[in-house]
Amino acid sequence: MSQAENIVIRLPNDIGGLAADRIQRTDHELAPWEKRCHALADVLDFRKIINTEEKRRGVEALGSEWVGKLNYYERWIVAFATILFQKGLLTPADLAIRMDEIQKRWRDEAVLAKRGD
Amino acid sequence: MASHEHNDDHDHPHHESHPHGVQEIEPGYYELMESAVRELLIERKMIGADEVRRQIEVLDSRTPALGSKVVAHAWTDPGFRKRLLANGRKACEELGISFYDDTQLIVLENTDKVHNLIVCTLCSCYPRPVLGLPPDWYKARSYRARAVVEPRAVLAEFGTQIPDDVEIRVSDSTAVVRYLVLPVRPAGTEGFSEEDLAKLVTRDAMIGVIPVQLHAGSAA
Amino acid sequence: MKPAIQAAGVSFSEVVFAFGERPLFAPGDTVKVMTRSPIGHYRVPMYLRGHTGIVEGVVEPAQLDNEREGFGANAGGKRHYYRVAFPLGKLWQNYQGPSHDTLYIEIYETWLERS
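No experiment lies behind these values; they were computed from the predicted model shown.

### Some points on the overall build of chain B
Moving on, step 1. In terms of helices and strands, chain B carries 12 helices and four strands.
Moving on, step 2. When burial is assessed residue by residue, chain B has 48% of its 220 residues classed as buried.

Right, dumping it as structure tokens:
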């Protein structure tokens, strides 16, 4: 099988039996946004807006480079955004504009908070 | 080619924020994305304003302590043990542990002849309703790639030696069933209360990578 | 094949089951994992393709095909999953361990054929 075939035929998450290093018993406490992201995934599944299997497929569809470079919940939120675009529930512009608004909101509050010190 | 491109050990946060939820550092890109998606879905009435918040409470309430209670109860009540092995989800529900999703639970009994461990090679399937969220190592490449190929070597890395006359069973979750290992009750616990037994049962014992030990010495 | 059904000592006339209603395989059956290579989404790892195992249990009730579910199907076309046992010594060429070590995994009915 050529590399051009293998990279499509083997999903990036299908790693059972592939070469790997020693286990490192890492763990971390979830950041608040990560927990919100996990909760959002559950709510999307309960509502069948994005079911759990769609989420899995969406993460696989990010491709091996993104899967390799984004961490666990980053992969989830990017997958959710893409699936919501595909379903016509949000547009890329909707999301980008709102992200900028939230960032601005945060910065404005931070300025106010500093002034209050 | 493949082995280092798919870096599934990449679960550390890219952007540190204050651990107790008070943002001192500006939200990172992905946090902005999560917040924006959530706000837009709520505004468009696709999800309710309180649903995510409530689900965070649900998740916070699911910890390995629940699983430990199930194990301790199975160790002390033979009837419950039988029901647990016949239908894991139903037995957990008897104890008030609801399953908020559509998954089923098969409880895998360790004996002096059989040792079970669980893995999800394809993603991170884990019995969340009864154990909470999985540790990073369970979701990372090394465990997922190797547990199905060389379980004995993997167990040894956790400090667990299983003799050759004991059968190792690796369960790889791929669909609707989730697994919980029912560890062997350690010797020397005769007469322990259920509460004291539950204190001995760790998350990693219910994944199957370590046994339950009377003295927590080497178990992490 | 039209089995007769009996309940509470009363014998019903023959009942025909709908497609997918009854499992095709039973515990103890030897099954082979098919060797197709789907793209897009699958839940049968490549390490299993073409291997032979023994059905250890039938997951009830019938469920959605998770390959379809991954693309948005939320209902319909239900078939059974099977918990299938594969000796690790047969799955892997250089398996380091005794012959009784086994892998268990759920596989959808559309991936299995009788062996």
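And the narrative resumes.
### A word on the overall build of chain C
Moving on, step 1. For chain C, the helix and strand inventory stands at two helices and seven strands.
Moving on, step 2. Going from N to C terminus, chain C has its helices and strands arranged as β-β-β-β-α-β-α-β-β.
Moving on, step 3. Burial analysis of chain C (115 residues in total) assigns 30% to the buried set.
Moving on, step 4. Contacts in chain C between residues at least 24 apart in sequence constitute 60% of all its contacts with a sequence separation of at least 6.

### Notes on the domain arrangement of chain B
A common way to express how large an interface is: the accessible area buried when the components associate.
Moving on, step 1. Looking at chain B, the domain boundaries give domain 1 (18-49) and domain 2 (62-207).
Moving on, step 2. Averaged C-alpha coordinates put domain 1 of chain B and domain 2 of chain B at centres separated by 34 Å.

### Quick notes on the pairing of strand β3 (residues 167-172) of chain B
Moving on, step 1. In terms of burial, β3(B) is a largely internal element, five of the six residues being buried.
Moving on, step 2. Judged from the six bridges that link them, strand β2 (residues 114-119) of chain B and β3(B) form a sheet pairing that is parallel. Counterpart to B:V119 in the pairing with β3(B) is B:D172.
Moving on, step 3. Across four bridges, the pairing between β3(B) and strand β6 (residues 102-108) of chain C is parallel. Looking at β6(C), one finds that B:S171 is bridged to C:Y104.

### Considerations on the sheet that holds strand β5 (residues 79-87) of chain C
Moving on, step 1. Pairing is mixed across the open sheet formed by seven strands, whose spatial order is β2(B)-β3(B)-β6(C)-β5(C)-β4(C)-β3(C)-β7(C). At either end of the open sheet lies a strand with only one pairing partner, and these are β2 of chain B together with β7 (112-114) of chain C. Geometrically, the sheet is characterised by an average inter-axis angle of 35 degrees between neighbouring strands, direction not taken into account.
Moving on, step 2. Direction of pairing for β5(C) relative to β6(C): antiparallel, over a ladder of seven bridges. Paired with C:V84 across the strands is C:I105, a residue of β6(C).

### Focus: the interface of chain A and chain B
Moving on, step 1. If you look at the interface, chain A gives 52 residues, while chain B gives 55 residues.
Moving on, step 2. Counting only elements with at least two residues in the side of chain A that touches chain B, the list comes to α2 (32-46), α4 (64-69), α5 (72-86) and α6 (92-116) of chain A.
Moving on, step 3. Per-element accounting of the side of chain A that touches chain B gives the leading share, 11 residues, to α2(A).

### Comments concerning the interface of chain C and chain A
Moving on, step 1. Contacts between the two partners involve 13 residues from chain C and, on the opposite side, 14 residues from chain A.
Moving on, step 2. Grouping the constituent residues of the side of chain C that touches chain A by class yields six nonpolar, six polar and one charged.

### Observations regarding the packing of α2(A) against helix α3 (residues 51-61) of chain B
Moving on, step 1. In contact at an axis separation of 8 Å, α2(A) and α3(B) are set at 105 degrees when each is read in the N-to-C sense. Relative to α3(B), α2(A) is oriented roughly perpendicular. Facing α2(A), whose interface residues are A:K35, A:R36, A:H38, A:A39, A:L40, A:D42 and A:V43, α3(B) presents B:E51, B:V52, B:Q55, B:I56 and B:L59.
Moving on, step 2. Looking at side-chain class alone, the contact of α2(A) with α3(B) contains six nonpolar, two polar and four charged residues.

### Quick look at α2(A)
Moving on, step 1. Taking 1.5 Å as the rise per residue, α2(A) with 15 residues should run 21 Å; its terminal C-alpha atoms sit 21 Å apart, in good agreement.
Moving on, step 2. The element α2(A) is largely enclosed, with a buried count of 11 among its 15 residues.
Moving on, step 3. Of the surrounding secondary structure, the elements contacted by the buried residues of α2(A) are α3 (52-60) and α5 of chain A together with α2 (29-43) and α3 of chain B.

### Regarding the environment of B:V170
Moving on, step 1. Mapped onto the secondary structure, B:V170 falls in strand β3.
Moving on, step 2. Separated by 55 residues in the primary sequence, B:V170 and B:H115 place their C-alpha atoms 8.6 Å from one another.
Moving on, step 3. Once you skip the residues sitting within four places of it in the chain, B:V170 turns out to touch B:L117, B:V119, B:A147, B:V148, B:P151 and C:L103.

### What to know about the nonpolar core
Moving on, step 1. Within the largest apolar cluster, 74 residues are counted, with the highest numbers of intra-cluster contacts made by B:L180 and C:I107.
Moving on, step 2. In terms of residues, this core owes the most to one element, helix α4 (residues 64-76) of chain B, which gives six residues.
Moving on, step 3. Residue contacts for C:I107: discarding those within four places in its chain leaves C:V33, C:V44, C:Y81, C:Y82, C:V84 and C:L112.
Moving on, step 4. If you look at the next biggest cluster of nonpolar residues, it comprises 30 residues, including A:A41, A:L44, A:F80 and B:I47.

### Quick word on the confidence of the model for chain C
Moving on, step 1. For chain C, the mean per-residue pLDDT works out to 92, and 90% of the residues sit at or above 70.
Moving on, step 2. Under the prediction, the complex receives an ipTM of 0.97, its pTM being 0.92.

### A look at α2(B)
Residue pairs spaced three or four apart in an α-helix point in one direction, given the helix's 3.6 residues per turn.
Moving on, step 1. Taking 1.5 Å of rise per residue, the 15 residues of α2(B) would be expected to cover 21 Å, and the 21 Å separating its terminal C-alpha atoms lies within 8% of that figure.
Moving on, step 2. Taking burial as the measure, the 15 residues of α2(B) include 11 buried ones, the bulk of the element.
Moving on, step 3. Taken residue by residue, α2(B) has B:Y30, B:E31, B:L32, B:M33, B:E34, B:S35, B:A36, B:V37, B:R38, B:L40 and B:L41 as its buried positions.
Moving on, step 4. Contacts made by the buried residues of α2(B) are with α2, α5 and α6 of chain A together with α3 of chain B.

### A closer look at the environment of C:D101
Moving on, step 1. Within the fold, C:D101 resides in the loop between α2 (88-91) and β6.
Moving on, step 2. Taking the C-alpha atoms as reference, C:D101 lies 8.8 Å from C:F86; in sequence the two are 15 residues apart.

### So, unusual backbone geometry
Negative phi is the rule for most residues except glycine; trans is the rule for most peptide bonds.
Moving on, step 1. Between C:E60 and C:P61 the backbone carries a cis peptide bond, its omega angle lying at 0 degrees.
Moving on, step 2. Structurally, C:P61 is set in strand β4 (residues 52-63).
Moving on, step 3. At A:K48, a residue that is not glycine, the phi angle is positive and equals roughly 55 degrees.
Moving on, step 4. In this fold, A:K48 is placed in the loop between α2 and α3.
Moving on, step 5. One non-glycine residue, B:K45, lies in positive phi territory at about 60 degrees.
Moving on, step 6. Within the element layout of this structure, B:K45 appears in the loop between α2 and α3.
Moving on, step 7. Classification of B:K45 as exposed rests on a count of 8 C-beta atoms within 10 Å.

What counts and what doesn't
Residues numbered from 1 in each chain as written. Chains lettered and ligands numbered in written order. Predicted model: local features only at pLDDT ≥ 70, side-chain atom pairs only at ≥ 80, totals over all residues. Helix = DSSP H or I, 4+ residues; strand = E, 2+ residues; numbered from the N terminus. Buried ≥ 20, exposed ≤ 12 C-beta atoms within 10 Å, placed from the backbone. Contact = placed C-beta atoms within 7 Å. Domains from an automatic or database assignment. Pairing = 2+ DSSP bridges. Axes fitted to C-alpha atoms, helices over the stretch in contact; angles between N-to-C directions. Nonpolar A, V, L, I, M, F, W, Y, C, P; charged D, E, K, R; others polar. Parallel < 35°, antiparallel > 145°, perpendicular 65-115°, else oblique. Expected span 1.5 Å × (residues − 1). Core = buried A, V, L, I, M, F, W, Y, C linked by C-beta atoms within 7 Å. pLDDT = per-residue confidence, 0-100.

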